[in-house]
Amino acid sequence: MLDDMLPDRRLLLVHAHPDDESSQSAATMARYLAEGAQVTLVTCTLGELGEILVPDWAHYSPRELGEHRQAEIAEAMAIVGVTDHVFLGGAGRYHDSGMVTTPDGRAGVPDDMPANAFWRADLLEAADHLVEVIRTRRPQVAVTYDPHGNYGHPDHIQAHRVLMYAVQLAATPSHRPDLGAPWQVQRVLWNTHNTSRWAEAYAIARERGLQLWEEADHDHGDDSAGRMFGPDPDQIVAVVELQPYLDICRRALFTHRSQVNAEDPFWQFFSIMQELPGSGEAYLLGAGQPFPAGDGPATDLFEGLTPDGR
Ligand SMILES: [Zn+2]
């Protein structure tokens, strides 16, 4: 039986673009791999419309950038140790939708996007690709973004929708039995900003003179920066500590060279945040079983769950 061959603890992560997994989930993936869990990463697009930070690559077409970013994420996942990585529906099925910045400084949906942009995906078709992944991998815990895509990128919002829908469909016996036996994910977590660490890092970065969100600050005062600090800390149900995996996290992140420049003030701020004592990847409870009551956020995403999902 396939069941007997699966590790006891199984984790699924759904991210929108190559690099999101390394900036938001690298410590989580590295930790659970180190502990012998099964870790499956699904990336929804190739990130063809990401802003290219390396001048030598500025001429890349979206198609070329997508190919380049597949190589970047392959290298990053080799560093983290992830061997089960799939693109939703196969590489190139869904195109990066792109993002615009609205006049009030928020992320918005572009007017024009390719016909196969992820934002325009048929939700059932996209979810069914994930239903197959869920039914074959049988994760107890699934991770994606919150309903706002954490900061509003259309592809992050869509990744959230697709996972939330797929979790329902995967557990429904009458739905597409050809995609595998039904499976109930026990807990859905939404990755989020680690609010208090974000605020601490922001203060340190400002002290060091880093120019952060300069334009937004100028237009809207500190409120616009504050908006990015994350959820009410009381809502954070789990934090996976970064410190033991800091080196892996940084190496994986900087493998995404087309997107991540260590000299950029944002990534300098990000490094400051990662290095803070007690820093970690934070989660909200999206659906399913809450964590057992305890003091502060849980430290294990599987706490209180059973391996067989019943
Ligand atoms: Zn992204």
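Note that the structure is a prediction, hence the values are computed from the model and not measured.

Caption draft 1: Seen up close, the overall build of the protein. The helix and strand tally for the protein stands at 12 helices and nine strands. Here the protein has a C-alpha radius of gyration of 19 Å; the compact-globule value for 310 residues is 19 Å, and the two agree. Expressed as lengths along the three principal axes of its C-alpha atoms, the size of the protein is roughly 60 × 50 × 35 Å. Looking at the 310 residues of the protein, the share that counts as buried comes to 51%. Considering only contacts in the protein between residues 6 or more positions apart, those separated by 24 or more positions represent 80%. About 13800 Å² of surface is accessible on the protein, with carbon and sulfur atoms providing 51% of the total. When the 22 basic and 46 acidic side-chain charges of the protein are each reduced to a single mean position, those positions are 6 Å apart.

Caption draft 2: Layout of helix α4 (residues 62-80). For α4, spanning 19 residues, the distance from its first C-alpha to its last is 26 Å, which sits close to the expected 27 Å at 1.5 Å a residue. In the core, the buried residues of α4 are packed alongside α2 (20-24), α3 (26-34), β2 (38-43), β3 (84-87) and α11 (246-255). Immediately downstream of α4, the backbone of Gly 81 shows phi near 100°, a positive value.

Caption draft 3: Quick peek at unusual backbone geometry. The phi dihedral of Asp 19 is positive, around 105°, even though this residue is not glycine. Looking at the secondary structure, you find Asp 19 in the loop between β1 (10-15) and α2. The residue Arg 138 is not glycine, and still its phi comes out positive at about 55°.

Caption draft 4: Structural view of the packing of aromatic side chains. Taken as a whole and assessed by the stated rule, the structure comprises eight aromatic pairs. Taking 5.0 Å as the distance between ring centres and 70° as the angle between the ring planes, the aromatic pair formed by Trp 198 and Phe 269 counts as edge-to-face. Of this pair, Trp 198 sits in helix α8 (residues 195-207) while Phe 269 sits in helix α12 (residues 265-275); the two residues are 71 residues apart in sequence, bridging distant segments of the chain. Taking relative accessible area as the criterion, Trp 198 reaches 3% and is therefore assigned buried. An angle of 50° between the planes, with centres 5.9 Å apart, marks the rings of Phe 266 and Phe 269 as tilted.

Caption draft 5: Layout of the pattern of salt bridges. In the structure shown here, the tally under the stated rule is 15 salt bridges. The partner of Glu 75 in a salt bridge is Arg 257, and the shortest N-O contact between them spans 3.5 Å. Within this pair, whereas Glu 75 is found in helix α4, its partner Arg 257 is found in the loop between α11 and α12, the two being separated by 182 residues in sequence. Taking relative accessible area as the criterion, Arg 257 reaches 39% and is therefore assigned partly exposed. Arg 197 is the salt-bridge partner of Glu 200, the closest N and O atoms lying 2.9 Å from each other. On the criterion of helical spacing, the pair formed by Glu 200 and Arg 197 is a turn pair, its members being three residues apart in helix α8. Note on Glu 200: relative accessible area 33%, which makes it partly exposed. In the salt-bridge network here, residues are joined through shared partners; they are Arg 9, Arg 31, Glu 35 and Asp 300.

Caption draft 6: Fine view of the packing of α11 against α12. It is at 11 Å that the axes of α11 and α12 come closest, and there the two elements cross at 165°. Put simply, α11 runs roughly antiparallel to α12. The chirality of how α11 crosses α12 is right-handed. Across the interface between the two elements, Leu 246, Cys 249, Arg 250, Leu 253 and Phe 254 of α11 pack against Trp 267, Phe 270, Ser 271, Gln 274 and Glu 275 of α12. Across the contact of α11 with α12, the residue classes break down as six nonpolar, two polar and two charged.

Caption draft 7: Structural detail: the coordination of the zinc ion. Summarising the metal site, the zinc ion is bound by the protein donors His 17 (ND1), Asp 20 (OD), Asp 20 (OD) and His 156 (NE2), whose distances to it range over 2.1 to 2.5 Å. One can describe the donor arrangement at the zinc ion as irregular, given that its four donor atoms subtend angles of 55 to 141° at the metal. The sequence pattern describing where the donors of the zinc ion fall on their chain is H-x2-D-x135-H. Take His 17 and Asp 20: they sit in the same class, and that class is buried.

Caption draft 8: Up close: the confidence of the model for the protein. Here the protein averages 92 in pLDDT, and 93% of its residues register 70 or above. Here residues 215-227 is a poorly scored stretch, pLDDT under 50, and it has 16 contacts once near neighbours within four places are set aside; other chains count.

Caption draft 9: Here's a closer look at the sheet that holds strand β9 (residues 280-288). Sheet architecture is open: seven strands sit in the order β3-β2-β1-β6-β7-β9-β8, paired in mixed fashion. In this open sheet, the two edge strands, each paired with only one partner strand, are β3 and β8 (236-241). For this sheet, the mean inter-axis angle between neighbouring strands, taken without regard to orientation, is 25°. Relative to strand β7 (residues 187-192), strand β6 (residues 141-145) is paired through five bridges, and the arrangement is parallel. Within β7, the residue paired with Val 143 across the bridge is Leu 189. Where helix α5 (residues 123-137) meets the sheet, its contacts fall on β1, β2 and β3, and the angle it forms with β2 comes to roughly 175°.

Thresholds, definitions, all that
- Residues numbered from 1 in each chain as written.
- Predicted model: local features only at pLDDT ≥ 70, side-chain atom pairs only at ≥ 80, totals over all residues.
- Heavy atoms only, no water.
- Helix = DSSP H or I, 4+ residues; strand = E, 2+ residues; numbered from the N terminus.
- Rg over C-alpha atoms; globule rule 2.2 N^0.38 Å.
- Buried < 20%, exposed > 50% of the residue type's maximum accessible area, 1.4 Å probe, protein only.
- Contact = heavy atoms within 4.5 Å.
- Areas by Shrake-Rupley, 256 points an atom, 1.4 Å probe, with all protein chains shown as cover.
- Lys, Arg positive; Asp, Glu negative; His and termini not counted.
- Charge placed at Lys NZ, Arg CZ, Asp CG, Glu CD.
- Expected span 1.5 Å × (residues − 1).
- Phe/Tyr/Trp six-rings, centres within 6.5 Å; stacked < 30°, edge-to-face > 60°.
- Salt bridge = Lys/Arg side-chain N within 4 Å of Asp/Glu carboxyl O.
- Axes fitted to C-alpha atoms, helices over the stretch in contact; angles between N-to-C directions.
- Parallel < 35°, antiparallel > 145°, perpendicular 65-115°, else oblique.
- Left-handed = near helix turned anticlockwise from the far one by under 90°.
- Nonpolar A, V, L, I, M, F, W, Y, C, P; charged D, E, K, R; others polar.
- Donors = N, O, S within 2.8 Å, 3.2 Å for Na, K, Ca; no water.
- Tetrahedral: all angles 85-135°; square planar, octahedral: opposite > 155°, others 65-115°.
- pLDDT = per-residue confidence, 0-100.
- Pairing = 2+ DSSP bridges.

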